[in-house]
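# Survey of secondary and tertiary structure
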Amino acid sequence: MMESGVPLCSTCGEQLGLNSNGEVFVACHECNLPICKSCFDYEIKEGRSSCFRCGAPYEENATIADVETEVSANHSTMASHLNNMQDVGLHTRNISSVSTLDSEFNDESGNPIWKNRVESWKDKKNKKKKAARKLAKEAQIPPAQQMEENQQPGDAAQPLSRVIPIPKSQISPYRAVIIMRLIVLGLFFNYRVTHPVDSAFGLWLVSVICEIWFAVSWVLDQFPKWSPINRETYIERLSERYEREGEPSELAAVDFFVSTVDPLKEPPLITANTVLSILAIDYPVDKVSCYVSDDGAAMLTFESLVETAEFARKWVPFCKKFSVEPRAPEFYFSQKIDYLKDKVQPSFVKERRAMKRDYEEYKVRVNALVAKAQKTPEEGWTMQDGTPWPGNNTRDHPGMIQVFLGHSGAHDIEGNELPRLVYVSREKRPGYQHHKKAGAENALVRVSAILTNAPYILNLDCDHYVNNSKAVREAMCFMMDPQVGRDVCYVQFPQRFDGIDRSDRYANRNIVFFDVNMKGLDGIQGPVYVGTGCVFYRQALYGYGPPSLPSLPKASSCCSSCGICCCCCRPKKPTKDLSEVYRDSKREDLNAAIFNLREIDNYDEHERSLLMSQMSFEKTFGMSSVFIESTLMEYGGVAESSNPSLLIKEAIQVISCGYEEKTAWGKEIGWIYGSVTEDILTGFKMHCRGWRSIYCMPLRPAFKGSAPINLSDRLHQVLRWALGSVEIFLSRHCPLWYGFGGGRLKWLQRMAYINTIVYPFTSLPLIAYCTLPAICLLTGKFIIPTLSNIASVWFLGLFISIILTSVLELRWSGVSIEDLWRNEQFWVIGGVSAHLFAVFQGFLKMVAGLDTNFTVTAKSSEDGDFGELYVFKWTTVLIPPTSLLILNMVGVVAGFSDALNKGYEAWGPLFGKVFFAFWVILHLYPFLKGLMGRQNRTPTIVVLWSVLLASVFSLIWVKINPFVSKEDTTTVQGCISIDC
């Protein structure tokens with residue numbers, strides 16, 4: 001609040017000012033309506049001659065132009081800011097703060113008595129026409145990003161990024177081979193279907209069905225990679241355009257989200273390194289805010305953030321002074337490189353040693369907190385002031401917010417301002433659905449909108465630190481580029497990982513997905529959202545459509561591009577479908593008014609139509625008028641007159657456990673609920689609205705994280721992803737039928753999303769197909785008849801096309817053949833284990849309501865490099881691949897035994913059967929190594945069981961001799977009984 005005590009305007013939130021007599025300006029003497037002179041003049045200009053609160057006519061002397069006196073320097077600054085915002089088409093309401101109004105200007109429910117001032121439809125329509133003509137000549141720059149008029153035209157015309165297409169010498173042969181493979185597949189299936197194997201009809205039928213499914217899966221995976229692209233950014237141009245020397249930075253603000261749940265499973269030191277890397281990022285400090293979501297309400301997390309905030313006062317200036325990389329201290333000090341390279345300051349070595357010592361002392365303090373938290377006191381945790389910790393009951397506790405650093409917080413040791421650091425733990429009560437990570441992210445969206453309201457959001461997992469301090473600038477090269485960023489909902493960075501063995505035995509790096517599939521999607525409508533390392537445009541999370549969407553048809557509203565019918569034609573009443581249509585219409589047409597519901601009787605028909613829009617906003621976003629106001633501020637920001645304490649109270653309200661009830665949160669806006677892989681759903685909804693995404697791959701990886709490297713943990717990670725895909729397949733958001741109405745999702749993009757939700761079902765035909773070789777070897781039958789010359793050509797052509805496709809894909813993507821082979825191996829391993837369990841678990845959960853969890857029992861491992869790689873954790877997911885390995889090995893032994901018994905003519909048919917059996921065994925070889933443990937140290941139990949099983953099966957085989965018929969046995973025995 002202002003110190004002068006002058007009342008605030010109920011419309012714009014500014015002080016009323018004084019009239020020519022030196023008295024506080026009063027517009028209506030009947031109800032003393034608090035409205036400033038500027039807003040009053042606007043009302044008169046719009047033809048409203050009566051008070052919108054009591055209905056009494058304004059007095060004539062109130063309309064006389066008075067000289068308004070500014071009562072404080074702050075008001076003068078704000079007034080000039082409002083005028084600037086109005087010049088570029090933004091409303092004064094868009095930067096006012098509802099939380100700062102006194103209680104006397106609020107109704108009983110706490111809603112402010114104010115309404116939005118909207119321009120007339122004709123003026124708005126004319127402005128749109130002028131803007132359209134201007135856009136046809138040159139790229140239109142968003143108001144918050146406009147350059148000054150004296151900027152040189154050459155600088156404005158330079159793009160901040162460019163698309164680098166794959167050379168035709170690489171992409172054209174690749175596409176030709178894809179078409180050739182498609183044709184060969186058709187001829188191959190024509191032969192397979194028209195040449196059944198009568199002696200093994202069941203095996204033949206199963207094999208054909210499996211092969212058809214594999215072909216469909218290949219098509220879904222291959223064609224979204226039809227037009228891959230690379231991108232290049234120009235960070236220097238970004239700085240030249242938005243960071244002029246001697247002027248405040250015009251770069252857009254960014255809110256960072258870091259989510260954590262259990263500090264005993266997600267070590268606080270790892271989370272702290274992520275937070276420190278964010279606070280030290282190469283970006284203006286007043287543009288960075290870091291929000292840490294503690295969904296476990298753990299006092300350990302809170303206390304570790306206290307220590308982290310204190311250490312950041314030393315770490316941040318050190319990083320920026322010497323430009324160190326990465327800016328996570330744990331990973332910076334553990335680098336095995338020459339840290340003196342490119343360092344010229346004489347004091348660097350001394351300060352680095354001192355900083356390393358400070359960090360080690362900081363680690364000791366955090367480790368002491370972790371050790372203390374291992375055993376919870378019976379009476380619960382107690383804070384330093386003696387009060388009980390509010391989160392002692394993790395399932396029943398109030399919401400908590402604590403601001404550690406920021407504009408009014410501590411500065412660094414050099415006296416410079418630090419980015420804001422905010423601790424958030426949303427309220428949890430029994431009987432409420434909290435939606436895990438997606439619910440926590442949505443709580444952060446609302447809290448950040450009230451406290452900082454940055455136009456962009458970057459979310460990271462607690463174990464993904466900032467590896468490239470210029471990562472945000474890389475993203476802003478797309479978001480703030482007027483030619484590119486208008487329709488971009490998010491910029492996705494690839495995931496890179498530390499601590500993985502060099503051979504990447506279980507394909508933890510996902511190189512093929514991030515370096516091949518995502519580049520292909522970038523050439524269509526953009527990459528999918530992968531859950532972390534992503535910069536969002538906040539308005540896209542609110543469910544709005546991109547600005548470039550075409551105008552709505554006249555049939556749906558009286559105006560071709562207005563989402564609210566009564567904004568321009570009063571007689572017509574909005575239809576039921578219109579409330580759904582306007583959320584997807586142009587962003588500028590959604591800037592509807594917010595009114596006090598108690599004043600409805602005083603509004604005319606035009607104003608009542610806008611009031612209907614207010615009701616729709618509350619049903620969509622919830623009952624916080626402050627948050628609703630922030631959603632309409634396209635370029636973010638909060639009012640300078642905001643009262644921090646009142647904003648904190650409002651932020652506590654929006655993280656209450658019942659806030660999302662009967663709203664669109666998790667359904668249409670924010671992170672979408674309904675799947676454990678909320679990332680796929682969230683990105684899919686945005687693409688369905690017409691947005692596009694960007695894939696950014698800087699030379700230095702933007703973010704790095706940790707990945708589970710032992711077999712069991714890796715399979716359970718894959719199980720969770722596959723389960724999320726099955727849940728989406730069984731939901732209303734399934735890409736097979738969702739989002740066709742708007743026609744905004746491109747077909748190849750839809751094909752990619754279909755592939756992401758049907759791939760777990762490949763486990764069923766894959767299990768069957770991997771079993772066929774062993775069955776063929778044990779029964780002496782085969783799934784393929786005797787090949788003719790033409791059939792041999794089709795089989796050979798199919799194998800050649802598969803090889804050529806892979807080779808050409810490696811050529812344009814730069815992926816190594818080892819990465820491709822590891823990806824192929826783990827596709828089989830995951831398909832016959834985790835994906836299979838995900839399918840059954842998904843159906844049990846979605847159909848029968850049963851939530852099945854597969855527990856993992858951990859065993860100790862030896863210390864050393866990659867010691868966790870050799871940890872063996874038995875789990876039920878390991879049963880199917882283990883069975884397949886044993887079955888195929890036994891089949892190979894049986895096949896060779898049978899060939900030895902039958903003679904030379906049996907070796908020809910044996911070759912095809914053994915080839916397919918070895919195909920299965922080679923793909924499962926990493927799984928076999930995981931079962932055996934550390935290299936060259938096979939457990940004794942494995943050796944004993946292997947010898948025992950081999951001996952038993954050999955004896956049984958000799959006794960049964962299954963490939964010799966009873967008639968042959970009788971003949972042999974008769975021959976033996978006769979003395980020949």
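- Per an unreviewed UniProt entry, the recorded name for the protein is Cellulose synthase, and the organism is Rhododendron griersonianum.
- Database annotation for the protein, UniProt heading Subcellular location (unreviewed entry): "Cell membrane".
- Database annotation for the protein, UniProt heading Sequence similarities (unreviewed entry): "Belongs to the glycosyltransferase 2 family. Plant cellulose synthase subfamily."

## Observations regarding the overall build of the protein
- Helix and strand counts for the protein stand at 31 helices and 13 strands.
- The buried share of the protein, reckoned over its 980 residues, is 51%.
- The contacts of the protein with a sequence gap of at least 6 include a subset with a gap of at least 24, amounting to 78%.
- Carbon together with sulfur atoms contributes 57% to the accessible area of the protein, which is approximately 45200 Å² in total.

## Considering the packing of aromatic side chains
- Enumeration according to the criterion identifies 47 aromatic pairs in this entry.
- Relative to W665, the ring of F627 lies with its centre 5.6 Å away and its plane at 45°, an arrangement referred to as tilted. Of this pair, F627 sits in helix α18 (residues 625–631) while W665 sits in the loop between α19 (644–654) and α20 (678–688), placing them 38 residues apart in sequence. The same class applies to F627 and to W665, which are both buried.
- Cluster of aromatic residues (ring-pair linked, three or more members): F311, W315, F318, F322, Y332, F333, F348, Y359 and Y362.
- Between R446 and the ring centre of W665, over which it is positioned, the NZ or CZ distance is 4.8 Å.
- Above the plane of the ring of F740 lies R750, whose end atom (NZ or CZ) is 3.7 Å from the centre.

## Quick look at empty space enclosed by the protein
- Tallied over the full model, the rule gives 12 cavities of 30 Å³ or more.
- Roughly 80 Å³ of volume is contained in the second largest cavity.
- Lining the second largest cavity, in full, are Y769, C770, L772, P773, C776, F782, I783, K913, F916, W919 and V920.
- Those elements giving two or more residues to the lining of the second largest cavity turn out to be α23 (763–779) and α28 (907–923).

## Remarks on the confidence of the model for the protein
- Within the protein, residue pLDDT values average 76, and 70% of them lie at 70 or more.
- Counting interchain partners and residues more than four positions distant, the pLDDT-below-50 stretch residues 1–5 has 12 contacts.
- Counted against residues more than four places away or in other chains, residues 854–864, with its pLDDT under 50, gives 22 contacts.

Definitions and limits used
Residues numbered from 1 in each chain as written. Predicted model: local features only at pLDDT ≥ 70, side-chain atom pairs only at ≥ 80, totals over all residues. Heavy atoms only, no water. UniProt positions renumbered as here; feature names shortened; annotations may be inferred. Helix = DSSP H or I, 4+ residues; strand = E, 2+ residues; numbered from the N terminus. Buried < 20%, exposed > 50% of the residue type's maximum accessible area, 1.4 Å probe, protein only. Contact = heavy atoms within 4.5 Å. Areas by Shrake-Rupley, 256 points an atom, 1.4 Å probe, with all protein chains shown as cover. Phe/Tyr/Trp six-rings, centres within 6.5 Å; stacked < 30°, edge-to-face > 60°. Lys NZ or Arg CZ within 6 Å of the ring centre and 35° of its normal. 1 Å grid on protein atoms, 1.4 Å probe; cavity = no way out; pocket = protein on both sides within 12 Å on 5 of 7 lines; lining within 4 Å. Points joined across faces, edges and corners; volume = space filled by probe spheres on them. pLDDT = per-residue confidence, 0-100.

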